[in-house]
Amino acid sequence: MKGTQIKVVALNGSARKGGNTAILLRTVLKELEKEGIETELIELSGAKIHGCLACRECSRKKDHRCAQKDDMGNALIEKMEQADGILLGSPTYVADISPEIKALMDRACLVSRANGGLFRRKVGAAVVAVRRAGAIHAFDALNHFFLISEMIIPGSSYWNIGIGLEKGDVERDEEGIRTMTTVAAEEDQRLAGEQNKAYCPAVSNETILSSGSCRSMAVLARVAATGRIGPALTASSARPSKGELHGTNQNRSCSRKRCSASWRQQADP
Ligand SMILES: Cc1cc2nc3c(=O)[nH]c(=O)nc-3n(C[C@H](O)[C@H](O)[C@H](O)COP(=O)(O)O)c2cc1C
(Lines give C-alpha, C1' and ligand atoms only; values in the text may rest on other atoms or scores of the structure.)
Protein backbone atom coordinates (compact mmCIF):
# COMPACT_ATOMS: atom_id res chain seq x y z
CA MET A 1 0.00 0.00 0.00
CA LYS A 2 3.04 2.27 -0.39
CA GLY A 3 2.26 5.74 -1.66
CA THR A 4 -1.31 5.82 -0.34
CA GLN A 5 -2.23 9.47 0.11
CA ILE A 6 -3.93 9.92 3.45
CA LYS A 7 -6.59 12.60 3.68
CA VAL A 8 -8.19 14.36 6.61
CA VAL A 9 -11.12 16.72 6.15
CA ALA A 10 -12.08 19.27 8.82
CA LEU A 11 -15.60 20.66 8.98
CA ASN A 12 -16.09 23.87 10.91
CA GLY A 13 -19.63 24.42 12.12
CA SER A 14 -19.07 27.98 13.30
CA ALA A 15 -21.19 30.82 11.94
CA ARG A 16 -18.03 32.94 12.11
CA LYS A 17 -15.51 32.24 9.34
CA GLY A 18 -11.86 32.18 10.40
CA GLY A 19 -12.83 32.35 14.08
CA ASN A 20 -11.61 30.39 17.08
CA THR A 21 -12.91 27.01 15.91
CA ALA A 22 -11.18 27.52 12.56
CA ILE A 23 -7.92 28.42 14.32
CA LEU A 24 -8.09 25.28 16.47
CA LEU A 25 -8.89 23.08 13.48
CA ARG A 26 -6.04 24.62 11.48
CA THR A 27 -3.68 23.87 14.36
CA VAL A 28 -4.58 20.17 14.14
CA LEU A 29 -4.35 20.19 10.34
CA LYS A 30 -0.92 21.88 10.36
CA GLU A 31 0.48 19.05 12.49
CA LEU A 32 -1.10 16.45 10.19
CA GLU A 33 0.43 18.16 7.15
CA LYS A 34 3.88 17.84 8.78
CA GLU A 35 3.20 14.08 8.77
CA GLY A 36 2.55 14.16 5.01
CA ILE A 37 -1.22 13.99 5.34
CA GLU A 38 -3.37 15.89 2.85
CA THR A 39 -5.85 18.16 4.59
CA GLU A 40 -8.83 20.32 3.79
CA LEU A 41 -10.73 22.78 5.95
CA ILE A 42 -14.35 23.45 5.04
CA GLU A 43 -16.18 26.24 6.83
CA LEU A 44 -19.96 25.85 6.98
CA SER A 45 -20.49 29.54 7.72
CA GLY A 46 -22.94 30.93 5.17
CA ALA A 47 -23.50 27.52 3.58
CA LYS A 48 -27.00 26.25 3.03
CA ILE A 49 -27.41 23.05 5.04
CA HIS A 50 -30.82 21.81 6.14
CA GLY A 51 -31.60 19.40 8.93
CA CYS A 52 -32.68 15.80 8.32
CA LEU A 53 -36.26 15.45 7.00
CA ALA A 54 -36.64 11.93 8.42
CA CYS A 55 -37.97 10.91 4.99
CA ARG A 56 -35.91 7.68 5.03
CA GLU A 57 -35.23 7.99 1.32
CA CYS A 58 -31.55 7.22 2.03
CA SER A 59 -32.58 3.82 3.44
CA ARG A 60 -34.67 3.05 0.38
CA LYS A 61 -32.21 4.25 -2.26
CA LYS A 62 -28.96 3.25 -0.56
CA ASP A 63 -27.00 5.44 -2.97
CA HIS A 64 -24.68 6.95 -0.34
CA ARG A 65 -26.51 10.26 -0.60
CA CYS A 66 -29.27 12.26 1.09
CA ALA A 67 -32.55 12.86 -0.77
CA GLN A 68 -32.21 16.63 -0.24
CA LYS A 69 -30.30 17.89 -3.25
CA ASP A 70 -30.73 21.65 -2.87
CA ASP A 71 -27.97 22.36 -0.37
CA MET A 72 -24.39 21.49 0.62
CA GLY A 73 -25.31 18.25 2.43
CA ASN A 74 -24.32 15.72 -0.21
CA ALA A 75 -21.10 17.51 -1.18
CA LEU A 76 -20.03 17.42 2.47
CA ILE A 77 -21.05 13.79 2.94
CA GLU A 78 -18.97 12.93 -0.15
CA LYS A 79 -15.94 14.75 1.33
CA MET A 80 -16.36 12.78 4.54
CA GLU A 81 -16.73 9.52 2.66
CA GLN A 82 -13.53 10.14 0.69
CA ALA A 83 -11.41 11.07 3.73
CA ASP A 84 -9.50 8.72 6.02
CA GLY A 85 -9.98 11.07 8.95
CA ILE A 86 -12.73 13.53 9.85
CA LEU A 87 -12.43 16.50 12.18
CA LEU A 88 -15.68 18.03 13.36
CA GLY A 89 -15.36 21.49 14.88
CA SER A 90 -17.96 23.60 16.62
CA PRO A 91 -18.12 26.68 18.77
CA THR A 92 -20.14 26.32 21.95
CA TYR A 93 -23.58 27.82 21.39
CA VAL A 94 -25.78 27.86 24.49
CA ALA A 95 -23.83 24.92 25.92
CA ASP A 96 -24.23 22.90 22.71
CA ILE A 97 -22.97 22.54 19.12
CA SER A 98 -23.94 24.87 16.28
CA PRO A 99 -27.06 24.09 14.20
CA GLU A 100 -24.99 23.79 11.00
CA ILE A 101 -22.75 21.01 12.31
CA LYS A 102 -25.74 19.28 13.93
CA ALA A 103 -27.64 19.33 10.61
CA LEU A 104 -24.65 17.79 8.84
CA MET A 105 -24.10 15.18 11.56
CA ASP A 106 -27.74 14.05 11.53
CA ARG A 107 -27.85 13.62 7.78
CA ALA A 108 -24.40 12.05 7.46
CA CYS A 109 -25.26 9.64 10.27
CA LEU A 110 -28.48 8.41 8.61
CA VAL A 111 -26.94 8.17 5.14
CA SER A 112 -24.00 6.26 6.59
CA ARG A 113 -26.18 3.77 8.44
CA ALA A 114 -28.44 3.29 5.42
CA ASN A 115 -25.38 2.21 3.45
CA GLY A 116 -23.70 -0.19 5.85
CA GLY A 117 -21.46 2.36 7.58
CA LEU A 118 -19.72 4.81 5.24
CA PHE A 119 -17.33 6.00 7.93
CA ARG A 120 -16.50 2.66 9.58
CA ARG A 121 -12.95 2.59 10.96
CA LYS A 122 -12.12 6.06 9.78
CA VAL A 123 -10.54 8.29 12.41
CA GLY A 124 -12.55 11.09 14.00
CA ALA A 125 -11.71 13.92 16.35
CA ALA A 126 -13.86 16.70 17.77
CA VAL A 127 -12.69 20.28 18.39
CA VAL A 128 -14.64 22.88 20.35
CA ALA A 129 -14.19 26.62 20.98
CA VAL A 130 -15.76 28.14 24.07
CA ARG A 131 -15.82 31.37 26.00
CA ARG A 132 -16.53 29.84 29.41
CA ALA A 133 -18.98 26.93 29.82
CA GLY A 134 -20.76 24.17 27.94
CA ALA A 135 -17.81 22.92 25.87
CA ILE A 136 -17.80 19.41 27.31
CA HIS A 137 -21.42 18.92 26.33
CA ALA A 138 -20.59 20.12 22.80
CA PHE A 139 -17.48 17.90 22.68
CA ASP A 140 -19.54 14.88 23.75
CA ALA A 141 -22.21 15.64 21.13
CA LEU A 142 -19.61 15.60 18.35
CA ASN A 143 -18.04 12.40 19.67
CA HIS A 144 -21.41 10.64 19.66
CA PHE A 145 -21.34 10.89 15.87
CA PHE A 146 -17.94 9.15 15.66
CA LEU A 147 -18.93 6.44 18.10
CA ILE A 148 -22.20 5.47 16.42
CA SER A 149 -20.36 5.53 13.08
CA GLU A 150 -17.90 2.84 14.33
CA MET A 151 -15.03 5.30 14.00
CA ILE A 152 -11.77 5.43 15.94
CA ILE A 153 -11.14 8.40 18.23
CA PRO A 154 -7.59 9.41 19.26
CA GLY A 155 -7.05 10.83 22.73
CA SER A 156 -5.03 13.88 23.62
CA SER A 157 -3.45 15.52 26.65
CA TYR A 158 -6.81 17.11 27.48
CA TRP A 159 -10.27 17.23 25.86
CA ASN A 160 -9.95 19.12 22.56
CA ILE A 161 -11.21 22.48 23.74
CA GLY A 162 -9.85 25.98 23.15
CA ILE A 163 -10.88 28.96 25.25
CA GLY A 164 -11.68 32.36 23.75
CA LEU A 165 -14.46 34.79 22.98
CA GLU A 166 -13.26 37.14 20.26
CA LYS A 167 -11.69 35.92 17.02
CA GLY A 168 -8.11 34.86 17.73
CA ASP A 169 -8.45 34.62 21.53
CA VAL A 170 -7.77 30.86 21.45
CA GLU A 171 -4.23 31.54 20.24
CA ARG A 172 -3.47 32.72 23.78
CA ASP A 173 -4.86 29.50 25.30
CA GLU A 174 -1.56 27.66 25.42
CA GLU A 175 -2.94 24.44 26.84
CA GLY A 176 -5.78 24.42 24.31
CA ILE A 177 -3.32 24.79 21.43
CA ARG A 178 -1.10 22.06 22.91
CA THR A 179 -4.12 19.75 23.10
CA MET A 180 -4.72 20.31 19.37
CA THR A 181 -1.13 19.49 18.40
CA THR A 182 -1.11 16.42 20.63
CA VAL A 183 -4.28 14.91 19.19
CA ALA A 184 -2.78 15.27 15.72
CA ALA A 185 0.78 14.14 15.82
CA GLU A 186 2.62 10.97 16.57
CA GLU A 187 5.76 12.66 17.90
CA ASP A 188 3.84 14.73 20.39
CA GLN A 189 1.87 11.66 21.42
CA ARG A 190 5.08 9.85 22.25
CA LEU A 191 6.08 12.81 24.40
CA ALA A 192 2.71 12.70 26.06
CA GLY A 193 3.39 9.01 26.70
CA GLU A 194 6.59 9.90 28.50
CA GLN A 195 4.76 12.49 30.53
CA ASN A 196 2.06 9.96 31.39
CA LYS A 197 4.76 7.64 32.63
CA ALA A 198 6.01 10.39 34.90
CA TYR A 199 2.45 11.01 36.02
CA CYS A 200 1.85 7.36 36.85
CA PRO A 201 5.10 5.40 37.26
CA ALA A 202 3.17 2.11 37.55
CA VAL A 203 2.37 2.20 33.83
CA SER A 204 4.92 0.43 31.63
CA ASN A 205 6.31 1.83 28.39
CA GLU A 206 4.73 -0.99 26.35
CA THR A 207 1.35 -0.20 27.81
CA ILE A 208 1.78 3.49 26.95
CA LEU A 209 2.84 2.82 23.37
CA SER A 210 0.20 0.21 22.72
CA SER A 211 -2.68 1.93 24.47
CA GLY A 212 -5.33 3.57 22.31
CA SER A 213 -4.85 6.96 23.94
CA CYS A 214 -1.29 7.17 22.64
CA ARG A 215 -2.22 6.73 19.01
CA SER A 216 -2.53 10.11 17.41
CA MET A 217 -4.80 11.14 14.56
CA ALA A 218 -1.84 10.95 12.16
CA VAL A 219 -1.05 7.35 13.14
CA LEU A 220 -4.68 6.27 13.13
CA ALA A 221 -5.42 7.93 9.79
CA ARG A 222 -2.48 5.98 8.35
CA VAL A 223 -3.94 2.78 9.79
CA ALA A 224 -7.36 3.67 8.35
CA ALA A 225 -5.85 4.26 4.91
CA THR A 226 -3.37 1.40 4.72
CA GLY A 227 -4.36 -1.03 7.44
CA ARG A 228 -0.79 -0.79 8.74
CA ILE A 229 0.76 0.61 11.88
CA GLY A 230 4.33 1.84 12.45
CA PRO A 231 6.77 -0.48 14.26
CA ALA A 232 7.12 1.74 17.31
CA LEU A 233 3.44 1.34 18.01
CA THR A 234 3.06 -2.42 17.51
CA ALA A 235 3.97 -3.51 21.03
CA SER A 236 2.76 -7.06 21.50
CA SER A 237 -0.18 -6.47 23.79
CA ALA A 238 -2.21 -3.54 25.00
CA ARG A 239 -3.28 -5.64 27.95
CA PRO A 240 -1.18 -5.22 31.08
CA SER A 241 0.13 -8.52 32.43
CA LYS A 242 -1.42 -9.93 35.61
CA GLY A 243 -0.90 -7.66 38.57
CA GLU A 244 0.38 -4.78 36.47
CA LEU A 245 -2.73 -2.63 36.54
CA HIS A 246 -2.66 -0.58 39.69
CA GLY A 247 -5.24 1.96 40.73
CA THR A 248 -4.18 5.33 41.98
CA ASN A 249 -3.50 5.34 45.69
CA GLN A 250 -4.40 9.01 45.90
CA ASN A 251 -1.20 9.87 47.74
CA ARG A 252 -0.16 12.22 44.91
CA SER A 253 3.48 11.17 45.29
CA CYS A 254 3.67 11.58 41.53
CA SER A 255 2.84 15.24 41.93
CA ARG A 256 5.57 15.65 44.48
CA LYS A 257 8.37 13.51 43.07
CA ARG A 258 8.12 12.51 39.44
CA CYS A 259 6.39 15.30 37.53
CA SER A 260 7.92 18.42 36.10
CA ALA A 261 6.30 21.68 37.20
CA SER A 262 4.66 22.26 33.83
CA TRP A 263 3.24 18.75 33.70
CA ARG A 264 2.04 18.96 37.31
CA GLN A 265 -0.15 21.83 36.27
CA GLN A 266 -1.70 19.60 33.60
CA ALA A 267 -2.11 16.62 35.89
CA ASP A 268 -5.21 18.25 37.32
CA PRO A 269 -8.23 17.98 35.05
C1 LIG B 1 -25.17 32.11 19.75
C2 LIG B 1 -23.95 32.01 20.62
C3 LIG B 1 -24.05 31.27 21.79
C4 LIG B 1 -22.94 31.12 22.63
N5 LIG B 1 -23.05 30.34 23.75
C6 LIG B 1 -21.98 30.15 24.55
C7 LIG B 1 -22.07 29.31 25.70
O8 LIG B 1 -23.08 28.69 26.00
N9 LIG B 1 -20.96 29.17 26.45
C10 LIG B 1 -19.79 29.82 26.18
O11 LIG B 1 -18.84 29.67 26.91
N12 LIG B 1 -19.67 30.59 25.07
C13 LIG B 1 -20.73 30.78 24.25
N14 LIG B 1 -20.60 31.56 23.11
C15 LIG B 1 -19.27 32.09 22.76
C16 LIG B 1 -18.55 31.24 21.71
O17 LIG B 1 -18.58 29.88 22.04
C18 LIG B 1 -17.08 31.68 21.60
O19 LIG B 1 -17.03 33.05 21.26
C20 LIG B 1 -16.30 30.88 20.59
O21 LIG B 1 -14.96 31.20 20.69
C22 LIG B 1 -16.78 31.16 19.18
O23 LIG B 1 -16.03 30.40 18.25
P24 LIG B 1 -15.90 30.86 16.72
O25 LIG B 1 -14.98 32.06 16.72
O26 LIG B 1 -15.31 29.70 16.02
O27 LIG B 1 -17.27 31.17 16.26
C28 LIG B 1 -21.70 31.74 22.30
C29 LIG B 1 -21.63 32.51 21.11
C30 LIG B 1 -22.73 32.65 20.28
C31 LIG B 1 -22.62 33.45 19.01
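Predicted, not measured: the structure shown is a model, and the values here were computed from it.

### A short note on the overall build of the protein chain
- A tally of helices and strands in the protein chain yields 11 helices and 5 strands.
- Burial statistics for the protein chain: of 269 residues in total, 39% are counted as buried.
- Looking at the protein chain alone, contacts between residues at least 24 apart form 74% of all its contacts between residues at least 6 apart.

### Some details on the site of the ligand
- Taken together, 19 residues are adjacent to the ligand, and Ser14, Gly19, Thr21, Pro91 and Arg131 come closest.
- Mapped by element, the contributors of at least two residues to the shell around the ligand are helix 1 (20-34) and strand 4 (123-130).

### Describing the confidence of the model for the protein chain
- On average, the protein chain scores 83 in pLDDT, and the residues at 70 or more come to 72%.
- Confidence drops under pLDDT 50 across residues 187-214; counting only partners more than four residues distant or on other chains, this segment forms 45 contacts.
- Segment residues 229-240 is flagged for pLDDT under 50; beyond a separation of four residues in sequence, or across chains, it makes 17 contacts in the model.

### Description of the nonpolar core
- Of all hydrophobic cores here, the largest spans 60 residues; its most connected members are Val28, Leu87 and Ala221.
- Formed jointly, this core draws a minimum of three residues from each of two domains, domain 1 (7-185) and domain 2 (187-266).
- Not counting chain neighbours up to four residues away, the residues in contact with Ala221 comprise Ile6, Val8, Ile37, Asp84, Gly85 and Val123.

### So, the sheet that holds strand 5 (residues 161-163)
- The parallel open sheet is built from 5 strands, whose spatial order is 2-1-3-4-5. At either margin of the open sheet sits one strand with a lone partner, and together these are strand 2 (38-43) and strand 5. Each adjacent strand pair in this sheet contributes to an overall mean axis angle of 15°, direction not counted.
- Bridge analysis of strand 1 (residues 7-12) against strand 2 gives 6 bridges, and the strand direction is parallel. Of the residues in strand 2, the one forming a bridge with Val8 is Thr39.
- Contacting strand 3 (85-91), strand 4 and strand 5, helix 5 (residues 135-148) crosses the sheet at an angle of about 160° to strand 4.

### As for helix 3 (residues 73-82)
- Of the residues making up helix 3, those classed as buried are Gly73, Leu76, Ile77 and Met80. The buried residues of helix 3 occupy one face: seen down the axis, they fall within an arc of 100°. Across from the buried face of helix 3, at angles greater than 90 degrees, the exposed residues are Ala75 and Gln82.
- The inward-facing, buried residues of helix 3 contact strand 1, strand 2, strand 3 and helix 4 (99-114).

About the cut-offs
- Residues numbered from 1 in each chain as written.
- Predicted model: local features only at pLDDT ≥ 70, side-chain atom pairs only at ≥ 80, totals over all residues.
- Helix = DSSP H or I, 4+ residues; strand = E, 2+ residues; numbered from the N terminus.
- Buried ≥ 20, exposed ≤ 12 C-beta atoms within 10 Å, placed from the backbone.
- Contact = placed C-beta atoms within 7 Å.
- Near = placed C-beta within 6 Å.
- pLDDT = per-residue confidence, 0-100.
- Core = buried A, V, L, I, M, F, W, Y, C linked by C-beta atoms within 7 Å.
- Domains from an automatic or database assignment.
- Pairing = 2+ DSSP bridges.
- Axes fitted to C-alpha atoms, helices over the stretch in contact; angles between N-to-C directions.
- Arc of directions from axis to C-beta.

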